[in-house]
Amino acid sequence: MEYKNLKNYFKNLSIDNKNLKRDITFLIKDLPEDISSYQKTKLKKQLKELIQGTPLAYVMGYTEFLNCKIFVSSKTLIPRPETELLCDMVLNNIKTSQERPKILDLCSGSGCVGVAIQKATNLSVDAVEISDDAIKIIKKNIKQNGVKIKVIKSDMFEKVAKKYDLIISNPPYIKKADIKTLDNSVKDFEPHLALDGGDDGLKFYRIIANEATNHLTKNGKIALEIGYNQAKQIKKLLEKNFKDIKIVKDYFKLDRFIFATRR
Ligand SMILES: C[S@@+](CC[C@H](N)C(=O)[O-])C[C@H]1O[C@@H](n2cnc3c(N)ncnc32)[C@H](O)[C@@H]1O
């Protein structure tokens with residue numbers, strides 16, 4: 001089939017699923033007119049994956065996050081708009097302050113948070129991640145975006161030696177038993193290591209509440225993404241070691257972020 005016909009063919013496919021149609025349109029929109037046979041084979045494979053329910057970012061191998069192209073693989077979570085909002089808030093704070101905070105991106109995944117913040121500010125940023133597969137992707141994203149980030153393979157703070165002025169984290173926060181209730185596109189495709197927050201979903205916030213102070217400078221701050229129904233419990237966990245605890249809502253008016261300062 002000629003390329004133009006191929007493009008029209010895919011555009012006009014009688015697919016009921018609006019999202020799938022949108023994803024197919026996105027996938028084919030930037031293809032060159034003189035598509036090679038390699039590209040045709042790749043396109044067929046990608047369309048098959050989309051039709052089987054694979055999220056677009058995994059099919060394409062990348063997504064956009066703030067001003068960054070971020071590679072993803074099946075071993076990294078797909079960066080979410082809420083996490084972009086977290087970074088936006090942090091960046092606004094940095095811009096309005098005279099300070100040049102040293103930053104740790106804890107539970108870095110694809111590295112989206114650290115990469116976006118380093119790219120926008122040129123601040124000192126380290127990234128912690130436990131998964132070797134994710135670390136490969138973080139390194140690819142560092143190179144792709146021309147940023148400078150030290151990557152530390154560590155189980156939370158275990159191998160973290162330095163102190164930071166700001167720790168940002170979007171840790172796994174889904175209750176283990178709830179993972180099976182998530183949308184298929186999440187539970188069947190995204191890594192459970194990135195989702196599983198233990199029996200009550202709070203495993204990683206407990207570690208942050210108890211250990212982050214050892215890795216924060218005086219008046220050091222934390223900026224966390226949280227599950228929409230976890231704010232009260234996480235605030236309670238933080239109260240012993242943190243002050244000025246602020247809960248902030250996301251685009252859907254759900255409690256989604258917590259900011260706090262070390263006592
Ligand atoms: C919810 S994902 C967030 C990824 C990325 N920061 C984002 O916002 O898209 C959580 C990440 O924490 C990592 N992780 C899980 N357990 C960890 C641990 N014990 N220590 C460090 N990282 C861990 C997972 O591999 C995953 O990449």
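Look up: the structure comes first, before these words.
Report follows, based on the coordinates.

## Some remarks on helix H5 (residues 81–95)
Because the α-helix completes a turn every 3.6 residues, residues three or four places apart line up on one side. Compared with an ideal rise of 1.5 Å per residue, which puts 15 residues at 21 Å, H5 spans 21 Å between its outermost C-alpha atoms and is within 8% of the ideal. Among the residues of H5, those classed as buried are Glu82, Thr83, Leu85, Leu86, Cys87, Val90, Leu91 and Ile94.

## Topic: the layout of surface pockets
Roughly 540 Å³ of volume is contained in the second largest pocket. Taken together, 23 residues line the second largest pocket, and the ones lying closest to its centre are Asn93, Glu99, Asp165, Leu166 and Lys221. Looking at the lining of the second largest pocket, the elements with two or more residues in it are H5, strand E6 (164–169), strand E7 (216–225), strand E8 (242–249) and strand E9 (255–262). By residue class, the composition of the lining of the second largest pocket is 10 nonpolar, 6 polar and 7 charged.

## Some words on the sheet that holds E8
Within the open sheet, the 7 strands sit side by side as E5-E4-E3-E6-E7-E9-E8. Their pairing is mixed. Pairing within the sheet leaves two strands with one partner each, and these edge strands are strand E5 (149–153) and E8. Here the strands of the sheet are splayed against their neighbours by 15 degrees on average, with no regard to which way each runs. Note: E8 against E9, 6 bridges, orientation antiparallel. Each residue of the ladder has a partner; that of Lys249, found in E9, is Asp255. Sitting on the sheet, helix H9 (residues 203–211) touches strand E3 (103–106), E6, E7 and E8, and the angle it makes with E7 is about 170 degrees.

## Regarding the site of the ligand
The environment of the ligand is formed by 18 residues, the closest being Cys107, Glu129, Asp155, Met156 and Asn170. Here a nitrogen atom of the ligand and a backbone polar atom of Cys107 are 2.9 Å apart.

## With respect to helix H10 (residues 231–238)
Among all positions in H10, only Ala231, Ile234 and Leu238 are buried. When H10 is viewed along its axis, its buried side chains cluster within an angular range of 70 degrees and face the same direction. In H10, the exposed residues that point more than 90 degrees away from the buried face are Lys232 and Lys236. Looking at the packing, one finds that the buried side of H10 touches H9, E7, E8 and E9.

## Topic: the pairing of E3
Where a strand is regular, its side chains alternate between the two sheet faces. Neither face of E3 is left uncovered, since the one carrying Ile103 and Asp105 and the one carrying Leu104 and Leu106 both have all their residues buried. In this sheet, strand E4 (residues 125–129) lies alongside E3 in parallel orientation, the contact comprising 4 bridges. Note that in E4 the partner of Ile103 across the bridge is Val125. Considered for its hand, the β-α-β crossover made up of E3, helix H6 (residues 112–121) and E4 is right-handed.

## A short note on the packing of H5 against H6
Taken N-terminus to C-terminus, the directions of H5 and H6 make an angle of 30 degrees; their axes are 10 Å apart at the nearest point. In this view, H5 runs roughly parallel relative to H6, as classed from their interaxial angle. Here H5 runs over H6; the crossing is right-handed. Only Val113, Ile117, Ala120 and Thr121 of H6 make contact with H5, whose side of the interface consists of Thr83, Cys87, Val90, Leu91 and Ile94. Here the residues of the contact of H5 with H6 sort into 7 nonpolar, 2 polar and no charged.

## Some points on the pattern of salt bridges
Taken as a whole and assessed by the stated rule, the structure comprises 11 salt bridges. With a shortest N-O distance of 3.0 Å, Arg22 and Asp23 are connected by a salt bridge. Relative accessible area serves as the criterion here: at 12%, Asp23 is assigned to the buried category.

## Quick word on a nonpolar patch on the surface
On the surface, Tyr228, Tyr251, Phe252 and Leu254 cluster together into a nonpolar patch covering about 470 Å² of accessible area. Locating Leu254 in the fold gives a position in the loop between E8 and E9. In this structure Leu254 comes out as partly exposed when scored by relative accessible area, which is 32%.

## As for the environment of Arg206
Note on placement: Arg206 falls in helix H9. Note on Arg206: relative accessible area 33%, which makes it partly exposed. On a C-alpha basis, the gap between Arg206 and Leu238 in space is 8.1 Å, while along the polypeptide they are 32 residues apart. Here Arg206 is in contact with Asp200 and Leu237, once residues within four sequence places are set aside.

Rules of the game
Residues numbered from 1 in each chain as written. Predicted model: local features only at pLDDT ≥ 70, side-chain atom pairs only at ≥ 80, totals over all residues. Heavy atoms only, no water. Helix = DSSP H or I, 4+ residues; strand = E, 2+ residues; numbered from the N terminus. Expected span 1.5 Å × (residues − 1). Buried < 20%, exposed > 50% of the residue type's maximum accessible area, 1.4 Å probe, protein only. 1 Å grid on protein atoms, 1.4 Å probe; cavity = no way out; pocket = protein on both sides within 12 Å on 5 of 7 lines; lining within 4 Å. Points joined across faces, edges and corners; volume = space filled by probe spheres on them. Nonpolar A, V, L, I, M, F, W, Y, C, P; charged D, E, K, R; others polar. Pairing = 2+ DSSP bridges. Axes fitted to C-alpha atoms, helices over the stretch in contact; angles between N-to-C directions. Contact = heavy atoms within 4.5 Å. Near = heavy atom within 4 Å. Polar contact = N/O pair within 3.5 Å; in protein donor to acceptor, adjacent residues only side chain to side chain. Arc of directions from axis to C-beta. Right-handed = clockwise from strand over helix to strand, strands pointing away. Parallel < 35°, antiparallel > 145°, perpendicular 65-115°, else oblique. Left-handed = near helix turned anticlockwise from the far one by under 90°. Salt bridge = Lys/Arg side-chain N within 4 Å of Asp/Glu carboxyl O. Patch = residues over 30% accessible without salt bridge, like charges linked within 9 Å, V, L, I, M, F, W, Y side chains within 5 Å. Areas by Shrake-Rupley, 256 points an atom, 1.4 Å probe, with all protein chains shown as cover.

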